[in-house]
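# Reading the structure
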Amino acid sequence: RVCKPGGRIILVTWVHRDLQNGESLRPKEQRLLDRISKAYHLPDWCSIADYRRIAAEDLGMTGLKTTDWTQYIAPFWSA
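Keep in mind the model is a prediction, meaning the values are calculated, not measured.

Definitions and cut-offs
Residues numbered from 1 in each chain as written. Predicted model: local features only at pLDDT ≥ 70, side-chain atom pairs only at ≥ 80, totals over all residues. Heavy atoms only, no water. Buried < 20%, exposed > 50% of the residue type's maximum accessible area, 1.4 Å probe, protein only. Helix = DSSP H or I, 4+ residues; strand = E, 2+ residues; numbered from the N terminus. Contact = heavy atoms within 4.5 Å. Salt bridge = Lys/Arg side-chain N within 4 Å of Asp/Glu carboxyl O. Polar contact = N/O pair within 3.5 Å; in protein donor to acceptor, adjacent residues only side chain to side chain. Expected span 1.5 Å × (residues − 1). Arc of directions from axis to C-beta. Phe/Tyr/Trp six-rings, centres within 6.5 Å; stacked < 30°, edge-to-face > 60°.

### Overview of unusual backbone geometry
Unusually for a residue other than glycine, H41 sits at a positive phi of about 55°. Residue H41 is classed as exposed on the basis of its relative accessible area, which comes to 71%.

### Quick notes on the side chain of S37
Along the chain, S37 turns up in helix α1 (residues 27-40). Beyond its immediate stretch of four places on either side in the chain, S37 contacts L42, P43 and W45.

### Remarks on the pattern of salt bridges
With the rule as written, the count across this model stands at four salt bridges. With a closest N to O distance of 3.0 Å, R17 and E23 form a salt bridge. One salt-bridge network, held together by shared partners, links R17, E23, R26 and E29.

### Quick word on the side chain of S47
Positionally, S47 belongs in the loop between α1 and α2 (48-58). Polar side-chain contacts of S47 include one of 3.2 Å to the side chain of D18. Other than its neighbours up to four places away in sequence, S47 contacts V15, H16, R17 and D18.

### Details of α1
Over its 14 residues, α1 runs 20 Å from end to end, which matches the ideal 20 Å to within 8%, given 1.5 Å per residue. Within α1, burial applies to E29, L33, I36 and S37. Seen end-on, α1 carries its buried residues on one side only, within an arc spanning 100°. The outward face of α1, more than 90 degrees from its buried face, is lined by the exposed residues P27, K28, R31, R35, K38 and A39.

### What about the packing of aromatic side chains?
In this description, an aromatic ring pair is defined by two values, namely the gap between the centres and the angle between the planes. One pass over the full model with this rule turns up two aromatic pairs. Ring plane angle 85° and centroid distance 5.5 Å describe the contact between W14 and Y40, whose orientation is recorded as edge-to-face. Of the two residues, W14 sits in the segment before α1 while Y40 sits in helix α1, which places them 26 residues apart along the sequence. A residue is classified by how much of its surface remains accessible, and W14, at 40% relative accessible area, is partly exposed. For Y40, a relative accessible area of 48% puts it in the partly exposed group.

See the structure below:
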């Protein structure tokens, strides 16, 4: 699809937590994400910061806003 200039794109996706430079996910976190990916046939995960960087730097998008919904979905994921 194409978004006209000045249009809006809304992206809702699963992400992992933001990582510091050189930091990796903990083994327990990676195992959990691998299990979810396998069950739902998902590609590799990235963070909100990764999506923001890709949108701004690689795609030239502006006016980016992000929201972390963790507190709203956590009750449904006992992991």
